Amino acid sequence: MPVQGGTGIRRSLDELAVSCLKYNYPEPPRLVHRLDRDCSGILLMGRTRTSGAFLHSIFREKTIGASSDDIKRRKRILQRKYWALVIGSPRRPRGLISVPLRKIVVDDGKSDRITVIVNVQSQTISSQHAMTEYQVIDSSNGYTWLELSPLTGRKHQLRVHCAEVLGTPIVGDYKYGWRAHRKWEMFPPEESSSGKVRGKALPFGLDLESGSISDKQPRLHLHCKEILFPNISQALQNVDSSPRQDLLELESLELVAPLPSYMQKSFDILKSR
């Protein structure tokens, strides 16, 4: 399900927020950042117009500030950690990816994709710098679990960094890892789990049970697992008396989301081998 509505989109999370997430508030919650439609995990929304603007500024300033040279030395206000299952294994177990990205048009203008820019000297090429920290969690049977921490918020940043920089496309990413998926072979499930156990029926026809590495067509294995951000409710209470309160002085809130069923199944399959 896409996060934001648009032309040709029948249902989106921001539209559902209007009808389902208002509760007793006069206004619906507002998007402050986005997840790819096939990505799972945590999505933050602003409960009110003021809190939404506050949170949006935190995400925006994070992207701008991450381009500075002292990124290693300063405390980060916003931290996001994703888990991804990739095909292959990076050469190094951890590192910092720092490369510019740009959008290109393909298929005679019918679609577009993001790609890494090699020659940044050209003044005619418009690009955006993108930075991602990564580290290997576990590696087995030709697959690797990565923890990805984006320091900027560019479109498809993690997917492009994995596929084009690390050379390890994310499982289920047919846009940037289509070559690796042309020879896709289903990973045989454990005998004890060969029979599908259906969970509780989800609304809107969503199916989170199928799509593991034991299926013919796996889903995108990219999950926003953890977000650490300042408790802005404290700042909003003091906005009149201290409009410039330092966000680093606020306590942090930590949100953690479990893996969706299909990723957990892939995790269990690889762990048992």
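The coordinates are above.
The following refers to the structure shown. Just so it is clear, the structure is predicted and the values come from calculations on it, not from any experiment. (Residues numbered from 1 in each chain as written. Predicted model: local features only at pLDDT ≥ 70, side-chain atom pairs only at ≥ 80, totals over all residues. Heavy atoms only, no water.)

**Describing empty space enclosed by the protein**
Scanning the entire structure with this criterion turns up 1 cavity of 30 Å³ or more. By volume, the largest cavity is sized at about 50 Å³. Lining the largest cavity are D138, S139, S140, Y143, W145, F267, L270 and K271. Elements with a minimum of two residues in the lining of the largest cavity: β7 (128–140), β8 (143–150) and α6 (261–272). Considered class by class, the residues forming the lining of the largest cavity number 4 nonpolar, 2 polar and 2 charged. (1 Å grid on protein atoms, 1.4 Å probe; cavity = no way out; pocket = protein on both sides within 12 Å on 5 of 7 lines; lining within 4 Å. Points joined across faces, edges and corners; volume = space filled by probe spheres on them. Helix = DSSP H or I, 4+ residues; strand = E, 2+ residues; numbered from the N terminus. Nonpolar A, V, L, I, M, F, W, Y, C, P; charged D, E, K, R; others polar.)

**Some remarks on a nonpolar patch on the surface**
Taken together, the side chains of L202, F204, L206 and L208 present a nonpolar region at the surface, about 320 Å² in accessible area. Looking at where L206 falls in the secondary structure, it is placed in the loop between α4 (178–182) and β9 (222–230). Since its relative accessible area comes to 39%, L206 is described here as partly exposed. (Patch = residues over 30% accessible without salt bridge, like charges linked within 9 Å, V, L, I, M, F, W, Y side chains within 5 Å. Areas by Shrake-Rupley, 256 points an atom, 1.4 Å probe, with all protein chains shown as cover. Salt bridge = Lys/Arg side-chain N within 4 Å of Asp/Glu carboxyl O. Buried < 20%, exposed > 50% of the residue type's maximum accessible area, 1.4 Å probe, protein only.)

**A few points about the layout of surface pockets**
In this model, the largest pocket occupies a volume close to 1,200 Å³. Lining the largest pocket are 38 residues, with R34, D36, R154, K155 and H156 sitting closest to its centre. Those elements that provide at least two residues to the lining of the largest pocket are α2 (49–65), β4 (79–87), β5 (94–106), β6 (111–116) and α3 (157–165). Ranked by residues supplied to the lining of the largest pocket, first place goes to α2 with 4 residues. Its residues assigned to classes, the lining of the largest pocket shows 14 nonpolar, 11 polar and 13 charged. Considered as a void within the structure, the second largest pocket measures approximately 880 Å³ in volume. Surrounding the second largest pocket, 27 residues form its lining, M1, L13, C39, L206 and L208 being those nearest its centre. Taken together, the elements giving at least two residues each to the lining of the second largest pocket come down to α1 (13–20) and β2 (40–41). Looking at the lining of the second largest pocket, its residues break down into 18 nonpolar, 4 polar and 5 charged.

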